[in-house]
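One letter stands for each residue in the lines below.
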Amino acid sequence: MARLSVSINNEHRTFALTEKGLKIGRQLDNDIVLNHAIVSRHHAYIELRGRKAWVLDLSSRNGVFVNRLRVKEEDLHDGDSVTIGPFELQFEDRAAQSVVLDDSRYLPLASDAQAVSSEQLPLATLDLQEFYAISMRLNQIVDFRELLDLVMEEVMRVVPAQRGFLLLRKSNELVPMVVVPADQSDVAISSTIVRTALEGGEAVLTRDARLDFAGAESIISANIRSAICVPLLLRGSATGLILLDSPGQNKFNERDRDLVLAIASLATVAIERARLTDELRQQAQLRQNLERFLSPNVASALSRYVAQHGKLWEAQEQQVTVLFADVKGFTSLSERLSPREVQDLLNEYLHEMTDVIFKYNGTVDKYIGDGIMAIFGAPRLPDEPSNEQHAVQAVSAALEMQAAQKRLIDKWDPDKAFTIRVGVNTGLAYTGFFGTSHRLEYTAIGDTVNTASRLESAAEPGSVFVGETTRQTIDGTFTVQEMGELQLKGKAHRVRTYKVLGRRTP
C-alpha cells in the first residue's frame, strides 16, 4: 500500500509498509534500524489501520516528529516527513514497490505460467446490467485508496491477467498506486507501450509485442508477449493508465480491451471525484484548523495557497509585533468561583479578546491559561508585500482589548471583576508553521517575543506597555508616556519602556 524511504549511511533505502507494520529503532530486531545514540532501542512503530498509516511513539526518549511537530501518534499522508533523531523518513502513499518504464527489462514471465482467458469466465459478455453494477460499486466508494484497489479488482475480475498495474500522474511522474500481485521487489513495464497509450490517448492491445511493435528493437529483444494498456482520460488529458499483461501470445482480444476501456471510463470519473472530495475535506480541515488562530480572511488565503502549492512555506525571520495579554489576579479569582464559573468566564473573555485580535489581522499564537500571545505582521503569503502597519494594528488591538474587558466587567457580577495588562514589542522574530494537516501551529521565537512577555509582566493593571521600537513605529498615531528604563526579568540590559495613553486625535 505504501512505503517509507530514508538515507542510512549515505544509502537510500525504501521499506514497504505491510499488514505487520514497521518497527523503527536502534536495536537490530527492528524492521528499520537507525543506529544513533539519540534513537531509542524501540523508538517508533508504523501500522496500518484499514487503509490508513499511523505512526506511534513507543515512549521514546527524544520523541517522534511529523512535519516538525512532536506527536504521540498521527495518521500519515502522502509526502509527510517523519523525523526520528537525525533521520528523516519520507512517507509515500503509493504501491510499495517501484515500477520502472524500461523495455530492456520487460522480460517474459515463466513460459509455463498459466493465464485464464476471458472465454473461460461464466459471463461471456459484460452486459448493461453488469456494467451498471460495476458503476454502482465504484460510485459508492468515497475513500481514495479503497477506490483504486476496487478498480483493479473489477478490471482483473472481468479480464484475468497475471499482472495488473494502475498508475496515476503526479506532476510529471507516473506513480504506481496499485500493483497486482503485490510484491516487495521492483517490476518493469514497457515504456513503448505506455508511451503509445498516453500519447495517442487510445487503448493499446498487443497479442505479441514482437510483431505489434516491430519498430522497437528493445521490445523485440525483450521478447514481450501479450498486454493491454488503457489511458485514464479526463477532459482529453491522460491522468494515468491501467496496464494488464500475461505470458504467451494471444492472451487478450478486442473484447478484453473494450471491457478494460469501459471500466477505465467509469474509473476515471470516480477517481477524480474521490480525489476532489479528499482535497476538499483536507482544505476544510486545514481552514478550520487555521481559523483557530487566524482571522477568517487570512485563514482562507492560506488554505487556498496550500491547495495550490501542496504545502506551506518554510519558517523565516521577519519583522513582526508581538502582543502578550494576561489577567491580573486570576488565581485569587479562581479560588472564589466554582470550576464551571471559572471556565465560563475564561471562555467568554478569550472569545472577546480573540475577536479583537482578528479584527486587526492578528494571529493568535497560543492561549497560556488566562494569557494570550498574538503576532501582528505574520503570517503573510510569499508573494504578499510586508505589512508596515503591524505595530499600529497591535497597539490598536491592545487598547481595544482593554475596552472590551471593561465592557465584560460591567455586565458581570462585581465578584467576577478583574483587570488585564498588555505588553507589545516590535522586532525581528523567527516565524513559521509547524505540524500536520490535522494539527497545525504557527509560532514566533526570538528575543522580540521574550521582551514582549516581560513588558506585559511589568505593565500596570489596565495599561499597555510598549518597547522602544514599537514606540518609534507608532509615533504620531498614539500618545505615550515614557516609563524610563526598566530592568525586566531575564534581560541583561535595561529596556526603555512606554505606556500607551490613547490614540492621538487628528
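Not measured: the values here are computed from a predicted model. (Residues numbered from 1 in each chain as written. Predicted model: local features only at pLDDT ≥ 70, side-chain atom pairs only at ≥ 80, totals over all residues. Heavy atoms only, no water.)

(A) Fine view of the packing of helix α9 (residues 339-359) against helix α10 (residues 390-411). The N-to-C vectors of α9 and α10 enclose an angle of 150 degrees; their axes lie 9 Å apart at closest approach. As far as their axial angle goes, α10 and α9 are roughly antiparallel. As α9 packs across α10, the resulting crossing turns out to be right-handed. Along the contact surface, α9 presents Glu348, Tyr349, Glu352, Met353, Val356, Ile357 and Lys359, while α10 presents Ala397, Glu400, Met401, Ala404, Gln405, Leu408 and Lys411. Here the residues of the contact of α9 with α10 sort into 8 nonpolar, 1 polar and 5 charged. (Axes fitted to C-alpha atoms, helices over the stretch in contact; angles between N-to-C directions. Helix = DSSP H or I, 4+ residues; strand = E, 2+ residues; numbered from the N terminus. Parallel < 35°, antiparallel > 145°, perpendicular 65-115°, else oblique. Left-handed = near helix turned anticlockwise from the far one by under 90°. Contact = heavy atoms within 4.5 Å. Nonpolar A, V, L, I, M, F, W, Y, C, P; charged D, E, K, R; others polar.)

(B) Structural view of the nonpolar core. Membership of the largest hydrophobic core comes to 41 residues, with the highest contact counts inside it found for Leu323, Tyr349, Phe418 and Val424. At the level of secondary structure, the elements contributing two or more residues to this core comprise β19 (316-328), α8 (330-336), α9, β21 (371-376), α10, β22 (419-435), β24 (464-466) and β26 (495-503). Take this core: its biggest share by element is 10 residues, from α10. Contact partners of Phe418, with chain neighbours within four places excluded, come to Val327, Lys328, Leu333, Leu345, Tyr349, Gln405, Ile409 and Trp412. Judged by nonpolar contacts, the second largest core, of 35 residues, contains Leu205, Ile228, Leu266 and Ala274. (Core = buried A, V, L, I, M, F, W, Y, C linked by side-chain atoms within 4.5 Å. Buried < 20%, exposed > 50% of the residue type's maximum accessible area, 1.4 Å probe, protein only.)

(C) Structural context of the pairing of strand β18 (residues 237-246). Burial within β18 is extensive, with 8 of its 10 residues counted as buried. Relative to β18, strand β13 (residues 163-170) runs antiparallel, the two being bridged by 6 bridges. Residue pairing in the sheet places Gly164 in a bridge with Leu244 of β18. Bridge count for strand β17 (residues 226-234) against β18 is 9 bridges, and the pairing is antiparallel. In the sheet register, Ser226 faces β18, and the bridge partner there is Ser246. Hairpin connection from β17 to β18: 2 residues lie between these consecutive antiparallel strands, with Arg235 at a positive phi of about 50 degrees. (Pairing = 2+ DSSP bridges.)

(D) Up close: helix α3 (residues 191-200). Turning to α3, its buried residues number three or more, namely Ser191, Thr192, Ile193, Val194, Ala197 and Leu198. The N-cap of α3, judged by a side-chain oxygen 3.2 Å from the amide nitrogen of Thr192 a few residues on, is Ser190. Two residues or fewer past α3, Gly201 is found with a positive phi of approximately 65 degrees. (Polar contact = N/O pair within 3.5 Å; in protein donor to acceptor, adjacent residues only side chain to side chain.)

(E) Just the pairing of strand β14 (residues 173-180), in detail. Within β14, 6 of the 8 residues are buried, leaving the element largely enclosed by the surrounding structure. With 7 bridges connecting them, β13 and β14 associate as antiparallel partners. Considered in β14, the bridge of Lys170 is made with Glu173. Hairpin connection, β13 to β14: the antiparallel pair is bridged by 2 residues, and Ser171 has positive phi, about 60 degrees.

(F) Up close: the sheet that holds strand β9 (residues 73-75). Pairing is mixed in the open sheet, where 5 strands are placed in the order β4-β3-β5-β6-β9. At either end of the open sheet lies a strand with only one pairing partner, and these are β4 (32-33) and β9. Of the strand pairs in this sheet, strand β3 (residues 22-25) and β4 are connected by 2 bridges, and their pairing is parallel. Directly across from Gly25, in β4, lies its bridge partner Val33.

(G) Highlighting the side chain of Lys499. Summarising the element assignment, Lys499 is placed in strand β26. Here Glu460 takes part through its side chain, which lies 3.1 Å from a polar atom of the side chain of Lys499. Sequence-distant contacts of Lys499, defined by excluding residues within four places in its chain, comprise Glu460, Ser463, Val464, Phe465, Thr479, Val480, Gln481 and Met483.

(H) Fine view of the packing of aromatic side chains. In the structure shown here, the tally under the stated rule is 1 aromatic pair. Ring centres 5.5 Å apart and planes at 90 degrees place the aromatic pair Tyr349 and Phe418 in the edge-to-face group. Placement of Tyr349 in helix α9 and of Phe418 in the loop between α10 and β22 is noted, with a sequence separation of 69 residues between them. Among the residues examined, Tyr349 registers a relative accessible area of 1% and is labelled buried. Relative accessible area serves as the criterion here: at 7%, Phe418 is assigned to the buried category. The ring of Trp54 carries Arg49 above its face, with NZ or CZ at 4.4 Å from the centroid. (Phe/Tyr/Trp six-rings, centres within 6.5 Å; stacked < 30°, edge-to-face > 60°. Lys NZ or Arg CZ within 6 Å of the ring centre and 35° of its normal.)

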